[in-house]
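Summary of structural features
One-letter residues, chain by chain:
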Amino acid sequence: MTVFLQQRTRIKVCGLTREEDVDAAVAAGVDAVGFVLYAPSPRAVTPERAAQLARRLPPFVTPVLLFVNETASNVIAACALMSGATAQFHGDESAADCLAATGHGARPFVRAARIPLGEEGARFDLVKYAATYSQAQAILLDAHVEGYGGGGKAFHWSLLPPSVNSHLVLSGGLTPANVTDGILQVRARGLSLAVDVSSGVERDGPDGKPLRGIKDADKIHRFVAAVRAADAQLANTPHGFLPAT
């Protein structure tokens, strides 16, 4: 007898700056919310503001603090404001830097991998990268754009290696319209898959471009629904079985 173990895709909404957006993400059923602690970002908040927003979270919704080339002491101080926070490193941090800033791995952390756009993405050695950051809770896959994240660009998912010994988080240019396809293409490539969205659920400005840091509750709900549609599709076409115990 065999039993198919269905995986539920975890969901994180990143770049939150307002109470109503935190509440909308929670109401939609996300697993994590992200706060950008990188001053040059238009979505940046201070550690104190992030802690204030995180106090609205119910149990079992994880706050994630995004850092870019921050000092270990500042990372430790910011994380201390939220005992249950996960750190996300999105700059040029080495494996040693990540460990030093998280009490040698005592606090969970996610390491972003910046995948080049276009055909250059095939040259990124994700297997080696995941091995280098083997103590990360997951490797977040984002498009390599000018600056650090939130560019709304998607890399070529099909160029990722077929098997990576890490939990993966798909990011970069995800929207309610394309996240189902992204999950279907990437789910089987890692130990598990989560998705991370920022610009794809932001409110449209008068020029049609996202209002950075201002989320759209309807888009968040549609994004979550699209993720669940992908999970349902995968459940109907199982790709892995384990013997029952």
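No experiment lies behind these values; they were computed from the predicted model shown.

Things to note about helix 1 (residues 19-28)
Within the span of helix 1, buried status applies to Asp21, Val22, Ala24, Ala25 and Ala28. End-on view of helix 1: buried residues confined to an arc of 160°, all on one side of the axis. Where helix 1 is buried, its residues meet strand 3 (32-36), helix 2 (47-54), strand 11 (210-215) and helix 7 (217-236). Positioned one or two residues after helix 1, Gly29 has a phi angle of 100°, which is positive.

Quick word on the sheet that holds strand 4 (residues 62-67)
Spatial ordering of the closed barrel is given by 2-3-4-5-6-7-8-9, a layout of eight strands whose pairing is parallel. If you compare each strand with its neighbour and ignore which way they point, the axes differ by 30° on average. As paired elements, strand 2 (residues 10-13) and strand 9 (residues 193-197) share four bridges and run parallel to each other. For Lys12, the partnering residue across the bridge sits in strand 9 and is Asp196. Along the sheet, helix 7 contacts strand 2 and strand 9; its crossing angle with strand 2, the most-contacted strand, is approximately 160°.

Quick word on the nonpolar core
Nonpolar side chains in soluble globular proteins tend to be buried together. In terms of nonpolar packing, the biggest core is built from 62 residues, with Phe35, Leu65, Phe67, Ile139, Leu141, Val195 and Phe223 touching the most fellow members. At seven residues, the largest contribution of residues to this core is made by helix 7. Setting aside residues up to four positions removed in sequence, Phe223 forms contacts with Ile11, Leu174, Thr175, Pro176, Val179, Val195, Val197 and Val201.

Here's the deal with the pattern of salt bridges
Any two side chains of opposite charge can pair, on the condition that their charged atoms come close. One pass over the structure, following the stated rule, counts 15 salt bridges. Arg56 is paired through a salt bridge with Asp23; the nearest N and O atoms lie 2.7 Å apart. Of this pair, Arg56 sits in the loop between helix 2 and strand 4 while Asp23 is found in helix 1, placing the two residues 33 residues apart along the sequence. Judged by its relative accessible area of 33%, Asp23 is partly exposed.

Details of the confidence of the model for the protein chain
Per-residue confidence for the protein chain gives a mean pLDDT of 91; residues scoring 70 or more make up 91%. Confidence drops under pLDDT 50 across residues 240-245; counting only partners more than four residues distant or on other chains, this segment forms ten contacts.

Regarding the packing of helix 6 (residues 179-186) against helix 7
The contact between helix 6 and helix 7 brings their axes to 8 Å, and the two run at 35°. Regarding helix 6 and helix 7, the two cross each other, and that crossing is right-handed. Of the residues in helix 7, those in contact with Val179, Thr180, Ile183 and Leu184 of helix 6 are Phe223, Ala226, Val227, Ala229, Ala230, Gln233 and Leu234. Residues belonging to the contact of helix 6 with helix 7 are distributed by class as follows: nine nonpolar, two polar and no charged.

Describing the packing of aromatic side chains
Geometrically, a pair of aromatic rings is defined through the distance of the ring centres and the angle of the planes. Inspection of the entire model under this criterion finds four aromatic pairs. Seen in terms of ring centroids, Phe89 and Phe109 are 5.8 Å apart; in terms of plane orientation they differ by 65°. Their pairing is edge-to-face. Of the two residues, Phe89 is situated in strand 5 (residues 86-89) and Phe109 in strand 6 (residues 109-115); the sequence distance between them amounts to 20 residues. Residue classification places Phe89 among the buried residues on the basis of a relative accessible area of 2%. For Phe109, a relative accessible area of 2% corresponds to the buried category. Centroid distance Tyr129 to Tyr133: 4.8 Å. Interplanar angle 40°. Geometry classified as tilted. Taken together, the ring pairs connect Phe67, Phe89 and Phe109 into an aromatic cluster.

Looking at the pairing of strand 7 (residues 138-143)
A large share of strand 7 lies buried, amounting to six of its six residues. The side-chain alternation of strand 7 yields two buried faces, one formed by Ala138, Leu140 and Asp142 and the other by Ile139, Leu141 and Ala143. Sheet topology note: the strand 6/strand 7 ladder contains six bridges and is parallel. Paired with Ile115 across the two strands is Ala143, which belongs to strand 7. Taken together, strand 6, helix 5 (residues 126-132) and strand 7 form a β-α-β motif whose crossover is right-handed. One ladder, built from three bridges, connects strand 7 with strand 8 (residues 168-170); its direction is parallel. The partner of Leu140 across the bridge, within strand 8, is Val169.

What counts, and at which threshold
Residues numbered from 1 in each chain as written. Predicted model: local features only at pLDDT ≥ 70, side-chain atom pairs only at ≥ 80, totals over all residues. Heavy atoms only, no water. Buried < 20%, exposed > 50% of the residue type's maximum accessible area, 1.4 Å probe, protein only. Helix = DSSP H or I, 4+ residues; strand = E, 2+ residues; numbered from the N terminus. Arc of directions from axis to C-beta. Contact = heavy atoms within 4.5 Å. Pairing = 2+ DSSP bridges. Axes fitted to C-alpha atoms, helices over the stretch in contact; angles between N-to-C directions. Core = buried A, V, L, I, M, F, W, Y, C linked by side-chain atoms within 4.5 Å. Salt bridge = Lys/Arg side-chain N within 4 Å of Asp/Glu carboxyl O. pLDDT = per-residue confidence, 0-100. Left-handed = near helix turned anticlockwise from the far one by under 90°. Nonpolar A, V, L, I, M, F, W, Y, C, P; charged D, E, K, R; others polar. Phe/Tyr/Trp six-rings, centres within 6.5 Å; stacked < 30°, edge-to-face > 60°. Right-handed = clockwise from strand over helix to strand, strands pointing away.

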